[in-house]
Amino acid sequence: MKIQALYDLQQETNRLFIAGSKFSKGDPRIQKFIPVFNKLGEKAPVFKKIASDLEELLDADIQQSAEKLTAISTLLYSVLYTQGETVEADVEEKIQQPTVDINNVNTNHSYMQLKPVIEALTVSSSGRLEVLKDAFERKIFEDSRTFHYLVLALGDKYSELADYVEKTVIPFIGKPVVSFLIQNFTFEDRAENVRRLRLLNKLKYEKLQETVDKIMSLSCPNLQAEAVNILSDNIANEQLIIELADDKNKQVREAAYQALAKMNTRNSLEKLKDVYIKNKNKTSLPAIACALASTRLPFFFPEVFNQIIRTLDEFVSLEKDADNKQFIDKFNKLSIEIGILANKNNEQIIEFFDKIFNGKKFSEILSSRKNASSYNIDSLTDAISASLDSFDNEKVLNFYTHSRLEMPDAAWKEVFCRKFLHKASENGYSKEKIYDLFAPAFDKKIIHAGDLHFLLSGNQLCQRWIPKIYEIFKGNIKWDYRFDCALEIIDACEPDRCEKFDELMVYLTGKINPTEAIVLYKLMIKRKLPDCFETIYLMASKVRTGSYYYYHKLHESDLWKSFPKDYAPKFKELSEQTNMELFNIIVEKIQSAE
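What counts, and where the lines are drawn
- Residues numbered from 1 in each chain as written.
- Predicted model: local features only at pLDDT ≥ 70, side-chain atom pairs only at ≥ 80, totals over all residues.
- Heavy atoms only, no water.
- Helix = DSSP H or I, 4+ residues; strand = E, 2+ residues; numbered from the N terminus.
- Buried < 20%, exposed > 50% of the residue type's maximum accessible area, 1.4 Å probe, protein only.
- Contact = heavy atoms within 4.5 Å.
- Areas by Shrake-Rupley, 256 points an atom, 1.4 Å probe, with all protein chains shown as cover.
- Lys, Arg positive; Asp, Glu negative; His and termini not counted.
- Charge placed at Lys NZ, Arg CZ, Asp CG, Glu CD.
- Axes fitted to C-alpha atoms, helices over the stretch in contact; angles between N-to-C directions.
- Parallel < 35°, antiparallel > 145°, perpendicular 65-115°, else oblique.
- Left-handed = near helix turned anticlockwise from the far one by under 90°.
- Nonpolar A, V, L, I, M, F, W, Y, C, P; charged D, E, K, R; others polar.
- Salt bridge = Lys/Arg side-chain N within 4 Å of Asp/Glu carboxyl O.
- Phe/Tyr/Trp six-rings, centres within 6.5 Å; stacked < 30°, edge-to-face > 60°.
- Arc of directions from axis to C-beta.
- Domains from an automatic or database assignment.
- Buried area = accessible area lost by both parts, 1.4 Å probe.
- Polar contact = N/O pair within 3.5 Å; in protein donor to acceptor, adjacent residues only side chain to side chain.

### Thoughts on the overall build of the protein
Thinking step 1. A tally of helices and strands in the protein yields 34 helices and zero strands.
Thinking step 2. Buried positions account for 50% of the 594 residues belonging to the protein.
Thinking step 3. Restricting the contact set of the protein to residue pairs at least 6 apart, pairs at least 24 apart contribute 69%.
Thinking step 4. When the accessible surface of the protein is split by element, carbon and sulfur atoms take 50% of a total near 30,500 Å².
Thinking step 5. The average position of the 81 basic charges and that of the 87 acidic charges among the side chains of the protein differ by 3 Å.

See below:
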């Protein structure tokens, strides 16, 4: 026989879980069930127990209410689950274990506090991540009623939200979430299951090994790749991971490469070295190189390094009539393999890079295929930079200082000249030393004013740069950000009124498209150039078209707030004549100024 009171009470306990257990004290909706279950208790002791627990819940203070509510809910679910629609007298009840340990139950937040958070975890809408970040700051996720929804969010289609829950929220909560991660975990190759597995490992789930063993017996490459990472935490799994480096599945293989580097033993690195040297599959090379780059390679460095040297020799030995595809393939292979040299800090690597930078043959082959090499040059410069960044500063600075003197004018020379400039600045080179080192590169147009601009913040530009900066304004000018940087450099290095700078600004008013002159306008006002407002007004009145970037910079700029109020009617008239919204915005900004 179905006992309706059980289901009605279940609804009321669910209500309290959402609203907060602190609202249970003296709750009249709960009170009405006590006589009902006392009567039912005459036939079955379990109902007497429910009535007694309800009385305790009604009298409990806030600190005890969560514990009492969970106990009643557990008993209630147990009766409904084990007895079905009928309950027989004198039958011993088997209590189900609660999902949350009683010591971790927290239901002190109100339903109004939880509702937007639960919606953000379950309903697709904009701004959800911001809601979660705010809730995290307010410690809403300490409430155990959010745990179920947090785990569901690991499968959210918005990966940034799922990442935030995985990497920030759930680790903050810790072990109380483990039971929710286990619930509904399936051995299916979905991202949410991979996230659950990763978290179970992070939270040290006691039965994780059993889960990993089952995953490795199935065909689930995504889960298996994560399982391989977990296995690498135990040296006892070394041989298994060595074997997995030859697995037929690419994803599992590549996870094994990274695991071998992580284990960093002689046997694991020997396998990784062999995989690299014997590799014939170019699609696997990036993963192998990434794994080798992550270790200092305490064993087998000479063998790996010699292979990279052979790859360089193959590239520079290309025949002049080799087709572009062959050139690009070998160039890309070299770039990938050079990435392996990161984190090694070996003196031989410095000598190797010197050979590349200053090798005439290497420079010639790059120059002979400018179209092909310029398209892929970033991958090579990034790989070399990553390796150099792993060396101590003194070695890198000595290398750059030496190499810049000998380096041919190859397509990549400017990249490394900029990197050297930043390194010199970071290490506190004096203004004079920076000028002596980099003025020749500026003269050759290897670096430009835009590259020097960052030195202003550290007061690392000396007056000797100013004549060179003025020179770039001679001849035809195709305006871009470098000229803006040049104006700001002169302004910073010539703090007092300067006739030459004034003349330059006046000259430029007739040369620059008025939409591009924002920096010029600001400096004219700042330096109180005679008739600056009238000059700017006349230039702005000619605005009709311009690049999207500069045109909208004119909209956004606050320089118009510096204008005298009597210019508002003038710009209003321009707005009426041209029907351009820009001039209305300028009017508003002039009028809004204090």
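### Re the packing of helix α18 (residues 301-316) against helix α21 (residues 360-368)
Thinking step 1. At their nearest, the axes of α18 and α21 sit 9 Å apart, and the two run at 55 degrees to each other. When the axes of α18 and α21 are compared, the pair comes out oblique. Judged by the sense of rotation from one axis to the other, the crossing of α18 with α21 is left-handed. Counting all contacts with α18, which are made through L312, F315 and V316, the residues of α21 involved are K361, F362, I365 and L366.
Thinking step 2. Residue classes in the contact of α18 with α21 are distributed as six nonpolar, no polar and one charged.

### Regarding the pattern of salt bridges
Thinking step 1. Using the criterion set out here, one finds 34 salt bridges in the structure.
Thinking step 2. Note that D246 is salt-bridged to K271, the shortest N-O span being 2.7 Å. Here D246 is found in the loop between α14 (238-244) and α15 (250-263), whereas its partner K271 is found in helix α16 (residues 266-278), with 25 residues between them in sequence.
Thinking step 3. Here D246 falls in the exposed class, since its relative accessible area comes to 51%.
Thinking step 4. Under the relative-accessibility criterion, K271 is labelled buried at 17%.
Thinking step 5. A salt bridge links K273 to D274; its shortest N-O distance comes to 3.0 Å.
Thinking step 6. Among the residues examined, D274 registers a relative accessible area of 23% and is labelled partly exposed.
Thinking step 7. In the salt-bridge network here, residues are joined through shared partners; they are D163, E166, R195, R198 and E226.

### Here's the deal with the packing of aromatic side chains
Thinking step 1. Applying the stated criterion across every chain yields a total of 31 aromatic pairs.
Thinking step 2. Ring geometry for F442 and W465: centres 5.6 Å apart, planes at 75 degrees, overall edge-to-face. Residue F442 is located in helix α25 (residues 431-443), and its partner W465 is located in the loop between α26 (449-452) and α27 (466-471); the two are separated by 23 residues in the primary sequence.
Thinking step 3. Taking 5.4 Å as the distance between ring centres and 45 degrees as the angle between the ring planes, the aromatic pair formed by W560 and F563 counts as tilted.
Thinking step 4. Given a relative accessible area of 1%, W560 falls into the buried group.

### Let's talk about helix α12 (residues 208-216)
Thinking step 1. Buried within α12 we find L208, T211, V212 and I215. Angular distribution of buried residues about the axis of α12 spans 100 degrees; they occupy a single face of the element.
Thinking step 2. On the buried face of α12, the contacting elements are α11 (191-202) and α13 (221-231).

### Details of unusual backbone geometry
Thinking step 1. The phi dihedral of K204 is positive, around 55 degrees, even though this residue is not glycine.
Thinking step 2. Relative to the assigned elements, K204 resides in the loop between α11 and α12.
Thinking step 3. On the basis of relative accessible area, K204 is assigned to the exposed category, the value being 64%.
Thinking step 4. One non-glycine residue, N345, adopts positive backbone phi at about 50 degrees.
Thinking step 5. With respect to the secondary-structure elements, N345 resides in the loop between α19 (324-338) and α20 (347-358).

### Observations concerning the packing of α11 against α12
Thinking step 1. The geometry of α11 relative to α12 is characterised by a closest axis approach of 10 Å and an angle of 145 degrees between their N-to-C directions. Considering the relative orientation of α11 and α12, their crossing is left-handed. Residue-level inspection shows L197, L200 and N201 of α11 in contact with α12, the latter providing L208, T211 and I215.
Thinking step 2. Considered class by class, the residues forming the contact of α11 with α12 number four nonpolar, two polar and no charged.

### Details of the domain arrangement of the protein
Thinking step 1. Annotation of the protein at the domain level lists domain 1 (4-81), domain 2 (106-237) and domain 3 (238-293).
Thinking step 2. For domain 1 versus domain 2, the distance between C-alpha centres works out to 31 Å.
Thinking step 3. In this complex, domain 1 contributes nine residues to the contact, which on the side of domain 2 involves seven residues.
Thinking step 4. Area buried by domain 1 at its contact with domain 2 is led by F17, I18 and K22, which between them contribute 56% of it.
Thinking step 5. Scanning the region where domain 1 abuts domain 2 turns up zero salt bridges.
Thinking step 6. For the side of domain 1 that touches domain 2, the elements supplying multiple residues, two or more each, are α1 (4-19) and α5 (62-83).
Thinking step 7. The greatest single-element share of the side of domain 1 that touches domain 2, amounting to four residues, is contributed by α1.
Thinking step 8. Looking at the side of domain 1 that touches domain 2 residue by residue, the class counts come to six nonpolar, two polar and one charged.

### Description of the environment of T509
Thinking step 1. Looking at the secondary structure, you find T509 in helix α29 (residues 499-509).
Thinking step 2. Once the C-alpha coordinates of T509 and Q183 are considered, the two residues, 326 residues apart in sequence, prove to be 70 Å apart.
Thinking step 3. Filtering out sequence-adjacent residues up to four positions away, T509 remains in contact with L520, M524, T535 and M539.

### Describing helix α30 (residues 518-526)
Thinking step 1. Extensive coverage of α30 is indicated by the burial of seven of its nine residues.
Thinking step 2. Three or more residues of α30 are buried, namely I518, V519, L520, Y521, L523, M524 and I525.

### A look at the environment of R145
Thinking step 1. Among the secondary structure elements, R145 is positioned in the loop between α7 (128-137) and α8 (147-152).
Thinking step 2. The spacing of R145 and F17 is 128 residues in sequence and 7.3 Å in space, taken between C-alpha atoms.
Thinking step 3. Among the polar contacts listed, one links the side chain of R145 to the side chain of D143, at a separation of 2.6 Å.

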